2 protein chains.
Amino acid sequence: MLDVALLGTGGMMPLPNRWLASAMLRAEGRVVLIDCGEGTQIAARLHGFGFRDIDAILLSHYHADHTAGLPGVLLAMALAERHEPVVIAGPPGLRRLIAAVGVFTGRLPFEVNAVELQEGASFEAGPLRISCQLGDHTLPCFAYRVDLTRAPRFLPERARELGIPVDRWKTLQSGEPVQLGSRVVAPEDVLGPPRRGLSAAYVTDTRPTERLPAFLSDVDLLICEAMFADPAQAERAVERKHLLFREAGALAAAANARRLWLTHFSPALADPLHWIEEARREFAAVTVGYDGLRTTLAFDEDGHGPRSEQ
Amino acid sequence: MLDVALLGTGGMMPLPNRWLASAMLRAEGRVVLIDCGEGTQIAARLHGFGFRDIDAILLSHYHADHTAGLPGVLLAMALAERHEPVVIAGPPGLRRLIAAVGVFTGRLPFEVNAVELQEGASFEAGPLRISCQLGDHTLPCFAYRVDLTRAPRFLPERARELGIPVDRWKTLQSGEPVQLGSRVVAPEDVLGPPRRGLSAAYVTDTRPTERLPAFLSDVDLLICEAMFADPAQAERAVERKHLLFREAGALAAAANARRLWLTHFSPALADPLHWIEEARREFAAVTVGYDGLRTTLAFDEDGHGPRSEQ
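Residues numbered from 1 in each chain as written. Chains lettered and ligands numbered in written order. Predicted model: local features only at pLDDT ≥ 70, side-chain atom pairs only at ≥ 80, totals over all residues.

A. How the structure looks around the interface of chain B and chain A. Counting residues at the interface gives 22 residues for chain B, matched by 23 residues for chain A. When residues of the side of chain B that touches chain A are traced back to their parent elements, those giving at least two are α1 (40–46), α2 (70–79) and α3 (94–105) of chain B. Top contributing element to the side of chain B that touches chain A by residue count: α3(B), with six residues. (Contact = placed C-beta atoms within 7 Å. Helix = DSSP H or I, 4+ residues; strand = E, 2+ residues; numbered from the N terminus.)

Quick look at the structure:
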């Protein structure tokens, strides 16, 4: 299961009724926060999220509307008695930002591991595999993809057929071979076919690129910026390096995503929901994001579609 | 006239229903902001304040709950098309903070003049005279006093008696002497006695000190932290270097302030108003501050008390 929530859905500046875009993902009690603008700690409190279990903070890029809430979130984690190290990952330039964050926070009671990611890099945060790809913005900006893999099913009837003692099943389940006298049993002998995992992606502050659809392919949930709604603002979107609603829809379609959540709306966009058809023309399963929107992605039943979706 | 508003009244962390302590003062269209924690730009928007006219930002000290909103406020000023230089003043250490702020904001379209104040220093921001004094906190923290002086009244009947042509009155009014043939008329000859100006002070993150009452003497409005309400928390107040409600009241009394506004409440203090009597025992004219509280201080009628007060 992969819980996903939008803490905010605003771009550029925090508004009294719309926090800056930020997402929280949780799997097996491990939490990943993506982007952290001014007020993210307040939004997290409002929506009932705690701070102690945040294991990684991913930053798309270093514009203040995605970073200026870091001192506050880190201090909130300190107040929540976080002691385990925290990973903060982002494009090159991260260490300079983390040094600046430290001027605001002073010494924290946990270690901050600043991981400057190279384009295409990936790393593990608990059960989650996190990978990044460069978008096309006014400065280097990463799209992130978070994958929760799913182990193949263990087939007890096959294990019994092969005469494997029950106390060795666990070894095979974990993917290791087992030796029985002169015979070696491989995990594949007792495991079912590969199973679809769960995945969510976060794409912000970018124009469409050729490579994004492949990077996002088959993602369960695509959280995607949609700064401008009105097609009349197409030129502005190109100039500011952002997406239109329709372009976000097209990206979800090209990636074969299962669902699309729009976020990172222009402060001038008072009623994003009004424009939903703009995205729906390209992709049916679209939700116009709002602060506090959340879902739990569940693994497909074997051979079936997903069990629950927002 | 001196407009004063509290943008927030919280200490330590911003809460969904209480912004971090910050005050805005305005005289003759010049605006001074005191302290700027995370969310101050949102609080300013909520309470209808603009960003373009902020001429000076005073920082009491460099704990994040007083500084982390700086990148956001400066970027909001940029969006509001501020082009004139802005003064940011605070205790020594300011330049390091401003460098960190710059990592978040990037290049701004106006000059930031970082003024590291020495204890007891004062400077002018438009018509306002700003002075500072060190409190007693866990790190150097300034109390600020803002004075709007008032010119003595011009006495036209005296000017006429002395035979001064009307076209020379303005010179005398502005404090310059006038020569009429061989006779020199001094401004004092046609001006009334000195008149009381207006003043407000902002005291935060401190224990009581011996010198604060004199620094704050006769202030029209004392905005004072009152982190803890319950006298049972006296030990905690000493340890954390903050004030109790009662101590804030005692400071206002010792300073002979006209009014006291309490602010910077502990996040654990759900209903500060409940504790008003704690402060009132020491000082009658106390208001338990709340986000958006504002007043306009007006000059006294000559020989009378102030015309209007919150």
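After presenting the structure, the write-up continues.
B. Fine view of the sheet that holds strand β1 (residues 2–8) of chain B. Residues and elements named next belong to chain B. Read across the sheet, seven strands follow the order β6-β5-β4-β3-β2-β1-β16 without closing on themselves; strand pairing throughout is mixed. In this open sheet, the two edge strands, each paired with only one partner strand, are β6 (112–116) and β16 (294–297). Adjacent strand axes in the sheet meet at a mean angle of 20°, parallel and antiparallel pairs treated alike. Bridging between β1 and strand β2 (residues 22–27) involves five bridges; their strand directions are antiparallel. (Pairing = 2+ DSSP bridges. Axes fitted to C-alpha atoms, helices over the stretch in contact; angles between N-to-C directions.)

C. Spotlight on the confidence of the model for chain A. Here chain A averages 95 in pLDDT, and 97% of its residues register 70 or above. Among the prediction metrics, the complex's ipTM stands at 0.89, with pTM recorded as 0.91. (pLDDT = per-residue confidence, 0-100.)

D. Quick look at the domain arrangement of chain A. Taken domain by domain, chain A consists of domain 1 (2–146 + 196–294) and domain 2 (156–189). The distance between the C-alpha centroids of domain 1 of chain A and domain 2 of chain A comes to 43 Å. (Domains from an automatic or database assignment.)

E. Looking closely at the pairing of strand β13 (residues 221–225) of chain A. Residues and elements named next belong to chain A. In terms of burial, β13 is a largely internal element, five of the five residues being buried. Side-chain alternation along β13 places Leu221, Ile223 and Glu225 on one buried face and Leu222 and Cys224 on a second face that is also buried. Here strand β12 (residues 198–203) runs beside β13; their pairing, made up of four bridges, is parallel. Bridged to alanine 200 within β13 is leucine 221. (Buried ≥ 20, exposed ≤ 12 C-beta atoms within 10 Å, placed from the backbone.)

F. Examining the pairing of strand β9 (residues 142–148) of chain B more closely. Residue and element names in this part refer to chain B. Of all the seven residues making up β9, seven are buried; the element is thus mostly covered by neighbouring parts of the structure. Of the two faces of β9, both are covered, the one formed by Phe142, Tyr144, Val146 and Leu148 as well as the one formed by Ala143, Arg145 and Asp147. Bridging between strand β8 (residues 128–134) and β9 involves seven bridges; their strand directions are antiparallel. Bridge pairing links leucine 134 to phenylalanine 142 in β9. Relative to strand β12 (residues 198–203), β9 is paired through five bridges, and the arrangement is antiparallel. Bridged to valine 146 within β12 is alanine 200.

G. Up close: α3(B). Under the 1.5 Å per step criterion, the end-to-end length of α3(B) is 16 Å for 12 residues, consistent within 8% with the ideal 16 Å. Within α3(B), the full set of buried residues consists of Ala100(B), Val101(B) and Phe104(B). What you see down the axis of α3(B) is that its buried residues fit within an arc of 105°, all on one side. Looking at the buried residues of α3(B), the elements they touch are α3 (94–105) of chain A together with α2 of chain B. (Expected span 1.5 Å × (residues − 1). Arc of directions from axis to C-beta.)

H. The packing of α3(A) against α3(B), seen in detail. For the pair α3(A) and α3(B), the least separation of the axes is 9 Å and the interaxial angle reads 135°. Put simply, α3(A) runs oblique to α3(B). Seen along the crossing, α3(A) lies across α3(B) with a hand that is left-handed. Residues Arg96(A), Leu97(A), Ala100(A), Val103(A) and Phe104(A) of α3(A) touch α3(B), and the partners they reach there are Arg96(B), Leu97(B), Ala100(B), Val103(B) and Phe104(B). Residues of the contact of α3(A) with α3(B), tallied by class, amount to eight nonpolar, no polar and two charged. (Parallel < 35°, antiparallel > 145°, perpendicular 65-115°, else oblique. Left-handed = near helix turned anticlockwise from the far one by under 90°. Nonpolar A, V, L, I, M, F, W, Y, C, P; charged D, E, K, R; others polar.)

I. Representation of the nonpolar core in the model. Leu222(A), Cys224(A), Ala226(A), Leu260(A), Leu222(B), Cys224(B) and Ala226(B) are the most contacted members of the largest nonpolar core, which totals 178 residues. Excluding residues within four positions of it along the chain, Ala226(B) makes contact with Leu243(B), Leu244(B), Phe245(B), Ala248(B), Leu262(B), His264(B), Phe265(B) and Ala279(B). (Core = buried A, V, L, I, M, F, W, Y, C linked by C-beta atoms within 7 Å.)

J. Geometry of the relation of the copies chain B and chain A. Here chain B sits on chain A after a turn of 180° about the axis and a move of 0.1 Å along it, with an RMSD of 0.2 Å. The symmetry that links the two subunits is that of a two-fold axis. Every residue of chain B has its C-alpha some distance from the rotation axis, and the shortest such distance is that of Ala100(B), at 2.1 Å. Both copies contact each other with a shared surface, as 100% of the interface residues of chain B are interface residues in chain A too. (Least-squares fit on C-alpha atoms with pLDDT ≥ 70 in both.)

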